[in-house]
Amino acid sequence: MSFSWDLAFHSGMSAKSDIRAAVDEGVPVGVVATLLDLSKTYLVLPRHLDNGGSAFVDSGAFAAFQKGETVVWERVFRVYESILLMTSRPEGLSIVAPDVIGNQAATLELWTEHRDRVSQWIAAGARVIVPLQCGELSAGQLLDKAKAIFGTERLCAGIPSNLAAMGAEDAATLNHTDFHILGRVILTADLMKKLSVLLANNPGATYTADANWMRSRIREISQARTVATPDPLGRPVDSSRTRAVREVLRQDAYQYKKRA
């Protein structure tokens, strides 16, 4: 099947040298809210958005789940809201609503608890992704609940990439206009099962995805490192890491539909 994402976010770009390379190349950037410092939150990402770029900011809930840690939601929310405050083009920002991995009931409780906060992000122009965790409700029913809680249809349905987290039958219950695949860009057989169902039932929808671009390209980035040539005007020279990431991005960035 011939398919291209509307946007494919290059996640894993939270480090200073990496995000600089990604922003320089103008690719859709993916970061984790809890790994951002003040410079990235107030300057780098807002400028990227203002220049017409796209950014995906994850809450860090999945990483916290893997480590057995608790998410400090106030810290995550402050990052979201700071970026929104500093950019004049919030429509390029995708952020993830609070959720509990693998727990639909607890996710619904979080949505209800923070409905006013989330509604403010939507009103400010952000694209808010609601992760559809499995549970008693089907994916379609859970999305309807989200729309009722937040009082709007303008939500992005977050689809777990793992087939065990949401099967094709569950995905078939969704009828919507905006979808984001969480955690995978490259199409595997399992992901294709869900994506095929979504495309058949929602042919005109927006489809985006994110995945850690850095993780599988460490060797290429290491090999691409070169010695910097001093700038004749004395301007700051990019680090070897920034130059290497930029070079590998030029050769091997995710494929997605380029904006005209």
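Refer to the structure printed above.
Here the structure is a predicted model, which is why all the values come from computation and not from measurement. (Residues numbered from 1 in each chain as written. Predicted model: local features only at pLDDT ≥ 70, side-chain atom pairs only at ≥ 80, totals over all residues. Heavy atoms only, no water.)

Caption draft 1: Focus on helix α5 (residues 104-113). For α5, every residue scored as buried is listed here: Q104, A106, T107, L108, L110 and W111. Contacts made by the buried residues of α5 are with α4 (73-86), α6 (115-124), β5 (127-131) and α7 (139-150). Capping the start of α5 is the job of one residue whose side-chain oxygen sits 3.3 Å from the backbone nitrogen of A105: N103. (Buried < 20%, exposed > 50% of the residue type's maximum accessible area, 1.4 Å probe, protein only. Helix = DSSP H or I, 4+ residues; strand = E, 2+ residues; numbered from the N terminus. Contact = heavy atoms within 4.5 Å. Polar contact = N/O pair within 3.5 Å; in protein donor to acceptor, adjacent residues only side chain to side chain.)

Caption draft 2: Structural context of the environment of A33. With respect to the helices and strands, A33 occurs in the loop between β2 (29-32) and α2 (38-50). Sequence separation between A33 and V76 is 43 residues; the distance between their C-alpha atoms is 5.7 Å. Contacts of A33, omitting those with residues within four sequence positions, involve V57, D58, V76, V79 and Y80.

Caption draft 3: Looking closely at the pairing of strand β8 (residues 206-212). Counted residue by residue, β8 has five buried out of seven residues, so it is predominantly covered. Relative to β8, strand β1 (residues 7-11) runs parallel, the two sharing five bridges. Residue pairing across strands places L7 opposite T208, the latter belonging to β8. Bridge count between strand β7 (residues 178-182) and β8: four bridges; the pairing is parallel. In the strand pairing of β8, F179 is matched with Y207. Read as a crossover between parallel neighbours, the route from β7 over helix α9 (residues 189-201) to β8 is right-handed. (Pairing = 2+ DSSP bridges. Right-handed = clockwise from strand over helix to strand, strands pointing away.)

Caption draft 4: Spotlight on the packing of helix α1 (residues 16-25) against helix α11 (residues 240-252). Contact geometry for α1 and α11: axes closest at 8 Å, N-to-C directions at 45°. Relative to α11, the element α1 lies oblique. For α1 against α11, the interelement crossing comes out right-handed. Residue-level contacts link S17, D18, R20, A21, A22, D24 and E25 of α1 to R241, T242, V245, R246, L249 and R250 of α11. Across the contact of α1 with α11, the residue classes break down as four nonpolar, two polar and seven charged. (Axes fitted to C-alpha atoms, helices over the stretch in contact; angles between N-to-C directions. Parallel < 35°, antiparallel > 145°, perpendicular 65-115°, else oblique. Left-handed = near helix turned anticlockwise from the far one by under 90°. Nonpolar A, V, L, I, M, F, W, Y, C, P; charged D, E, K, R; others polar.)

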